[in-house]
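Structural features, examined
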Amino acid sequence: MYYQFAEAKIMKFGGIIQRWFEKNRRELPWRRTSDPYNIWISEVILQQTRVDQGLDYYKRFIETFPDVGALARAGEDEVLKIWQGLGYYSRARNLHRAARDIVELRKGQFPRTYNDLLKLKGVGPYTAAAIASICFGEARAVVDGNVSRVIARLYGVDYPINRPAGVKQIALLAQELMEEKMEEEMEEEMEKLSLAVHEPSGTSDPGNHNQAMMEFGALQCIPVSPHCEECPLAHHCNAKLTGRVEQLPVKIPGKRPVDRWFYFYIMTSNGEAILEKRGDTDIWRSLYQFPMVECKAPRTEQEMVEEMKGIYNGRHVSIRGFSDPIRHQLSHRTIHARFIHAEVSPLYSDLPSGWIVIPIDQIDKYPVPRLIHRYLESVKI
Ligand code: SF4
């Protein structure tokens, strides 16, 4: 059964959500500014992590690169290091590249319109709408996962929200909700609920409206067990009225993640270790790792030892130990990893391309995948 958009009664809930936001909004550092640089950084970070986890990343990023010029001047390794642990490293690289373009091609001036923002590397409709509305007052509705869920439930959209028809419909409804003035019956409803009738956000404060929608999805209309009993929209919400709260939004399951087996060889000698810089064509682009061999199937400890001895044929190799098997989930891949640690004498003098010898106590300076970062937090090498 599909939602009939053309026949649907479009009700305007913006004013009620706005009032809810005024009472329930969280005080967050990026809500105290309308500087497009800060909003840009916060929105990109929040695309891949929850607010509580993103907060520290945001503070660290802004402290290290306080403005677009500082970000443009930084080296790529420095930017990736600050980003370490957030995943989706292409987003950090795009931020860096876009900062350089702003400085070099736009004399440091941040684009001020949705359409110009879209020209920046890595800036898509969501980020452009967030910056254009919050910083420059442009009436562009943001549509992220939170907003999609709220709209799908409120209006009973049962097109899958991760397919083009659903994306389009949600975007249309989100934009309508932003632009239209609240209908009279909703004003009456607010009075009934003892809420002061304010001028709805409409087009007067698109940035505030967008933040209200995202916050409503993050705190009230949450994915599982939303707080319907205390919801100011419960009397109007299609999903609630039709008993479909748990069924909406509809999502088509993604492809099953592909399994990959990574074996990392930690080779140390007299306080030094070998790192390898990853290439440009696979996950974790340009990050550092311990030299790694990928296999098509699980490998035994004995096979790992044989491989380590093969790499160091003729040198002294003393095995220190193995990690337990580690399962690391990425969006489209499941990484099955193990680490083997050996003290080797001597370390390579002629290193393969991309390998470097570093003092072990400097390892924190290198951006590494979260899998390796977590491992290094759990052991002393
Ligand atoms: S009634 Fe429930 S499902 Fe509907 S908007 Fe409110 S919290 Fe979300």
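These numbers come from a predicted model, not from an experiment.

1. Some words on the overall build of the protein chain
When its secondary structure is counted, the protein chain shows 15 helices and eight strands. Within the protein chain, contacts between residues separated by at least 24 positions form 69% of all contacts whose residues are at least 6 apart in sequence.

2. Here we look at the environment of Arg 244
Locating Arg 244 in the fold gives a position in the loop between helix H13 (238-241) and strand E1 (258-269). A tally of 17 C-beta atoms within 10 Å means that Arg 244 is categorised as partly exposed. Distance in space between the C-alpha atoms of Arg 244 and Leu 376 is 45 Å, their sequence separation being 132 residues.

3. A word on the site of the ligand
Around the ligand sit 14 residues, and of these Cys 221, Pro 226, Cys 228, Cys 231 and Cys 237 come closest. Secondary structure elements with two or more residues in the shell around the ligand: helix H9 (145-155) and H13. Looking at side-chain class alone, the shell around the ligand contains ten nonpolar, two polar and two charged residues.

4. Regarding the packing of helix H1 (residues 14-24) against helix H12 (residues 206-219)
The geometry of H1 relative to H12 is characterised by a closest axis approach of 9 Å and an angle of 70° between their N-to-C directions. Considering their axes alone, H1 and H12 lie roughly perpendicular with respect to each other. Contacts between H1 and H12 pair Gly 14, Ile 17, Gln 18, Trp 20, Phe 21 and Asn 24 from the former with His 209, Gln 211, Ala 212, Met 213, Glu 215, Phe 216 and Leu 219 from the latter. When its residues are assigned to classes, the contact of H1 with H12 shows seven nonpolar, five polar and one charged.

5. Some remarks on the nonpolar core
Of all hydrophobic cores here, the largest spans 92 residues; its most connected members are Ile 131, Ile 151 and Ala 174. Counting contributing residues per domain, this core is built from domain 1 (5-241) and domain 2 (258-378), each supplying no fewer than three. Setting aside its immediate chain neighbours within four residues, Ile 151 contacts Val 157, Ile 170, Leu 173 and Ala 174.

6. Things to note about the packing of helix H5 (residues 76-83) against helix H6 (residues 89-105)
It is at 10 Å that the axes of H5 and H6 come closest, and there the two elements cross at 135°. With respect to H6, the axis of H5 lies oblique. When you trace H5 past H6, the crossing you get is right-handed. Counted together, Glu 76, Val 79, Leu 80 and Trp 83 of H5 and Tyr 89, Ala 92, Arg 93 and His 96 of H6 form the full contact between these two elements. Split into classes, the residues belonging to the contact of H5 with H6 amount to five nonpolar, one polar and two charged.

7. A look at helix H3 (residues 51-64)
The terminal C-alpha atoms of H3 lie 19 Å apart, and with 14 residues this matches the ideal 20 Å at 1.5 Å per residue to within 8%. If you check which residues of H3 are buried, you get Gly 54, Tyr 57, Tyr 58, Phe 61 and Ile 62. What you see down the axis of H3 is that its buried residues fit within an arc of 125°, all on one side. For H3, exposure combined with an orientation more than 90 degrees from the buried face picks out Asp 52, Asp 56, Lys 59, Arg 60 and Glu 63.

8. A few points about unusual backbone geometry
Backbone torsion omega between Leu 248 and Pro 249 reads 0°, so that peptide bond is classified as cis. A positive phi is found at Lys 107, a non-glycine position, where the angle reads about 50°. When you line up the elements, Lys 107 lands in the loop between H6 and helix H7 (114-117). If you check the backbone angles, Ser 286 has positive phi at about 70° while not being a glycine. Inspection of the secondary structure assignment puts Ser 286 in the loop between strand E2 (272-277) and strand E3 (288-289). Look at Ser 286 and you get partly exposed, because 15 C-beta atoms sit within 10 Å.

9. Remarks on the confidence of the model for the protein chain
Of all residues in the protein chain, 90% have pLDDT values of 70 or greater, and the mean over the chain is 88. When the elements of the protein chain are averaged for pLDDT, helix H11 (residues 184-192) gives the smallest value, 51, and helix H4 (residues 68-73) the largest, 98. Contacts from residues 1-10, a stretch scored under 50 in pLDDT, to residues over four places away or in other chains number eleven contacts. Between residues 195-203, whose pLDDT stays under 50, and residues either more than four places distant or in other chains, the model counts 23 contacts.

10. Describing the domain arrangement of the protein chain
Assigned domains of the protein chain: these are domain 1 (5-241) and domain 2 (258-378). Here domain 1 and domain 2 have C-alpha centroids that lie 39 Å from each other. At the interface, nine residues of domain 1 touch eight residues of domain 2. Of all the secondary-structure elements, those providing two or more residues to the side of domain 1 that touches domain 2 are H5 and H6. Looking at the side of domain 1 that touches domain 2, the element that brings in the most residues is H5, giving four residues.

11. Brief notes about the pairing of strand E6 (residues 326-329)
The pairing of E6 with strand E7 (residues 333-345) spans four bridges and is classified as antiparallel. Residue Gln 329 lies in a different strand from E7, and its bridge partner there is Thr 334. Hairpin remark: E6 followed by E7, antiparallel, with three residues in the connecting loop.

12. Here we look at helix H8 (residues 125-136)
In a regular helix each residue adds 1.5 Å, so twelve residues correspond to 16 Å; H8 covers 15 Å between its end C-alpha atoms and thus fits that length. Among the twelve residues that make up H8, nine are buried, leaving the element largely enclosed by the rest of the structure. Lining the buried residues of H8 we find helix H2 (36-46), H7 and H12.

Rules used throughout
Residues numbered from 1 in each chain as written. Predicted model: local features only at pLDDT ≥ 70, side-chain atom pairs only at ≥ 80, totals over all residues. Helix = DSSP H or I, 4+ residues; strand = E, 2+ residues; numbered from the N terminus. Contact = placed C-beta atoms within 7 Å. Buried ≥ 20, exposed ≤ 12 C-beta atoms within 10 Å, placed from the backbone. Near = placed C-beta within 6 Å. Nonpolar A, V, L, I, M, F, W, Y, C, P; charged D, E, K, R; others polar. Axes fitted to C-alpha atoms, helices over the stretch in contact; angles between N-to-C directions. Parallel < 35°, antiparallel > 145°, perpendicular 65-115°, else oblique. Core = buried A, V, L, I, M, F, W, Y, C linked by C-beta atoms within 7 Å. Domains from an automatic or database assignment. Left-handed = near helix turned anticlockwise from the far one by under 90°. Expected span 1.5 Å × (residues − 1). Arc of directions from axis to C-beta. pLDDT = per-residue confidence, 0-100. Pairing = 2+ DSSP bridges.

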